Structure formats: C-alpha cells, structure tokens
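Residue-level structural notes
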Amino acid sequence: MDHGILAESAAVAAQVEAIAGRYGVPVEVERAALGPRASETRARRARYTALRRVQQRVGGRYLVTAHQADDQIETVLYRLLKGSGIGGLAAMRPAGPDGLVRPLLPFRRAELADWLRARFPDPAHPPAFDDPSNADLTHDRSWLRVRVLPLLVERFGARLERQLLASSRRTSCGSIHSAQGSSRQARLLHGRPLLNLL
C-alpha cells in the first residue's frame, strides 16, 4: 500500500515490488494520495479499504496481515493512554471478520528478524523491507515506539512489555464474557489488574 504520505512513498513501493519479484511472489500495489498531513487513523482506513479491494479482486478467502507482538504492545499502550475501555484494551484479535487473520501476533519483532536471518542469510537481499514511515515521529504510534517504550522498559524492565501483552489477553477474555452478558466478570477480569508494574 502506497499511502502517498511520504515524498519517497513511490520509491518504497517500487522497492517492495522488487523484493517480491526476486522471490517470485505476486504483488498488488494500491496507491492513495493522502498527503503528508494524513493522520494514522485515515491511513489505516485507506489501507484496509485497499486490502479488502485486493482481496475481492483476487478472490482471496483470507486477508493476512503481518502484525506481531510488538505491534500489539504499542496498540495496548496507545489505547491505554487514550483512555480506551475494556474492548479497546483487548487490542488486535488474532482473527477478524471476512477472513482477516493475524498469524504473527504471538511472535516478537526480534524473533521474526532472527527467523528471517537464519533462512535468508544474504544481508544484501533480505526478503523484508522496513517502512520508513515507521520512524516518522509526527505519528503518535511511531513516537511511542521510538521514544516512550524504550524509556518505560528502561524504568520498569522487560516485564513491562510482557504485562502489556498479558493485559491484552485478559481484557480480550473480559470482552468476550461481557458480550455474553457477564459484565461483572468482565470488570473484574478474573481478579487481576489491567496492568501491574509493581
């Protein structure tokens, strides 16, 4: 998805196409001209609209995204700071409507990078590409990832990230119970706090 947010977005799309071609993987590029002032929310909506369009065009049963555990950590922290309720703190689900699946959610970014390096050892031709927009600190999620999370981990230790992931799992369970009518159980979350740093 070329969002058209960064000036170099067309070049980024071309690089991704080149990587796909090198490994014989079919690629579909969708383009949007969102402009540099586009919000993360607007970009996400445009992205999923484009992904669904491609899914329909190719007759895909599933829409598979590459979200992983670090994305989940950022999502939980972001929604916590925004004052989200139980449902929001459940963050991303492994599966969603119309074939949406996120099979990499259990894995950390470093684990996936190690896996890629072990199977594709040539550093000059990695089968992956880091989107430069992920380092754009004008976006809240990028700022949390680059500036805030490292400070929180430095202060509270690596267990902070484990706690955020655990909170997501507990709130997800609580949301399910709430949807089934057990609001008290959802509120209590089985007697465990949403986030326990101490």
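Refer to the preceding data block for the structure.
For the structure given in this document, a descriptive report is provided here. None of the values given here were measured: they were computed from a predicted structure.

1. Notes on the overall build of the protein
If you tally the helices and strands in the protein, you get eight helices and two strands. Taken from the N to the C terminus, the helices and strands of the protein come in the order α-α-β-α-α-β-α-α-α-α. In the protein, which comprises 198 residues, the proportion classed as buried is 31%. Look at the contacts in the protein between residues 6 or more apart in sequence, and 66% of them connect residues 24 or more apart. Summing over all exposed atoms, the protein offers an accessible surface of approximately 12,400 Å²; the carbon and sulfur share of this is 57%.

2. Let's talk about the packing of helix 3 (residues 69-81) against helix 6 (residues 140-156)
Contact pair helix 3 / helix 6: the axes reach a minimum separation of 10 Å and the direction vectors enclose 95 degrees. As judged from the angle between their axes, helix 3 and helix 6 are roughly perpendicular. Packed against helix 3, whose contacting residues are Asp71, Ile73, Glu74, Thr75, Leu77, Tyr78 and Leu81, the element helix 6 presents Asp140, Arg141, Leu144, Arg145, Leu149 and Leu152 at the interface. Its residues assigned to classes, the contact of helix 3 with helix 6 comprises seven nonpolar, one polar and five charged.

3. What about the environment of Ala38?
On the secondary structure map, Ala38 appears in the loop between helix 1 (9-22) and helix 2 (40-58). Counting along the chain gives 101 residues from Ala38 to His139, while the straight-line C-alpha distance between them is 9.5 Å. Residues within four places of Ala38 in sequence aside, it is in contact with Ile5 and His139.

Rules used in this analysis
- Residues numbered from 1 in each chain as written.
- Predicted model: local features only at pLDDT ≥ 70, side-chain atom pairs only at ≥ 80, totals over all residues.
- Heavy atoms only, no water.
- Helix = DSSP H or I, 4+ residues; strand = E, 2+ residues; numbered from the N terminus.
- Buried < 20%, exposed > 50% of the residue type's maximum accessible area, 1.4 Å probe, protein only.
- Contact = heavy atoms within 4.5 Å.
- Areas by Shrake-Rupley, 256 points an atom, 1.4 Å probe, with all protein chains shown as cover.
- Axes fitted to C-alpha atoms, helices over the stretch in contact; angles between N-to-C directions.
- Parallel < 35°, antiparallel > 145°, perpendicular 65-115°, else oblique.
- Nonpolar A, V, L, I, M, F, W, Y, C, P; charged D, E, K, R; others polar.

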